[in-house]
Amino acid sequence: MAMILNGKEVSARIKDELRDEVKAMKARGIEPGLAVILVGDDPASAVYVRNKKLACEYIRINSFEYILPKETSEAELIELIQKLNNDSSVSGILCQLPLPEHISEEAVINAIDPKKDVDAFHPVNVGKIMTGNYDFVPCTPAGVMELIKESGIDVAGKECVVVGRSNIVGKPMAMLLLHQHGTVTICHSRTKELAEKTRCADILIAAVGIPEFIKGDMIKPGAVVIDVGINRIAPKKLVGDVEFDTAEKLAAAITPVPGGVGPMTIAMLMKNTLKAAELNKTC
Ligand code: BQF
């Protein structure tokens, strides 16, 4: 039976530490604030935006929510971002993805001041992740690394297999594991003999976005299995990218869904927002 990597618990601890940090920052005259923009009415996005607002309230920083109709034009959205870039009460800015079809995600991301880019999606911040000299770490990969570290798992010299190559998770995840001296393989939809590769993993990261795609027979006994997937398969049923019941019998440690990587993602967003407040302080 695997050790359960409890992201909910670890994230709560981190948020308690961040709340103390906020108190100290406020005493120094720094008032962190996070602007969250949501365009349209995607229900999953609305849940994520709510989680972010609640986390801001928990650590006692300001949150500014902009809920825009799905017909909002790209120009209007970029105009709002420019206003927030120039607003000194806003430390961090994020625009919830995905955006409606008629808006270019690239144009929107490029409009965010890299010093306020708490998602670390701007090309300047993406570039810094390659060199290891970064201000912001993308929230989900950062959350995975923090959860691994908190659980006493050492990445150095381990075979790490990342399944999924998105700009938001797979690619930066691979880079962070590499910085911690893991030997990293990135697999994706065109990978041949996928199960052979995943079975080599000491640390397996599933970030494919397909419900229960990783089965027990793809896991090496004793592996650490990190499930980044959040798939709604029924109105009240969330599953990951890993078939938990079969995987849990083989893995040494595994993250649950929900309550694994998801809450860590939010905690790392809060951490990035405090970092942004420090970067943008005027005194
Ligand atoms: C949990 C996200 C896919 C695409 C865009 C806690 C969250 C999720 C799950 C959450 C996610 C996923 C977020 C749990 C933010 C993580 O208890 O398991 C929190 O709010 N997330 C997002 O903003 O955009 C996404 C996943």
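So, how was this worked out
- Residues numbered from 1 in each chain as written.
- Predicted model: local features only at pLDDT ≥ 70, side-chain atom pairs only at ≥ 80, totals over all residues.
- Heavy atoms only, no water.
- Salt bridge = Lys/Arg side-chain N within 4 Å of Asp/Glu carboxyl O.
- Helix = DSSP H or I, 4+ residues; strand = E, 2+ residues; numbered from the N terminus.
- Buried < 20%, exposed > 50% of the residue type's maximum accessible area, 1.4 Å probe, protein only.
- Core = buried A, V, L, I, M, F, W, Y, C linked by side-chain atoms within 4.5 Å.
- Contact = heavy atoms within 4.5 Å.

**Here's the deal with the pattern of salt bridges**
So, point 1. Across all of its chains, the model carries ten salt bridges by this definition.
So, point 2. A salt bridge links Asp202 to Lys220, with the shortest nitrogen-to-oxygen separation between them at 2.9 Å. Of the two residues, Asp202 is situated in the loop between α8 (194–198) and β7 (203–206) and Lys220 in the loop between β7 and β8 (224–227); the sequence distance between them amounts to 18 residues.
So, point 3. Asp202 gets classed as partly exposed once you look at its relative accessible area, which sits at 22%.
So, point 4. Note that Glu278 and Lys281 form a salt bridge whose closest N and O atoms lie 3.2 Å from each other.
So, point 5. Looking at Lys281, the relative accessible area reads 38%, which means it is partly exposed.

**Overview of the environment of Met1**
So, point 1. Structurally, Met1 can be placed in the segment before β1 (3–4).
So, point 2. We classify Met1 as exposed; its relative accessible area is 76%.
So, point 3. Expressed as a C-alpha distance, the spacing of Met1 and Ala253, which sit 252 residues apart in the sequence, is 8.4 Å.

**A few points about the nonpolar core**
One recurring pattern in soluble globular proteins is that nonpolar side chains are buried together.
So, point 1. With 54 residues, the main nonpolar core has Ile205, Ile226 and Met270 as its most contacted residues.
So, point 2. The element best represented in this core is helix α10 (residues 261–279), accounting for ten residues.
So, point 3. Those residues in contact with Met270, other than ones at most four positions away along the chain, are Leu18, Leu34, Lys52, Ala55, Cys56, Ile59 and Ile61.

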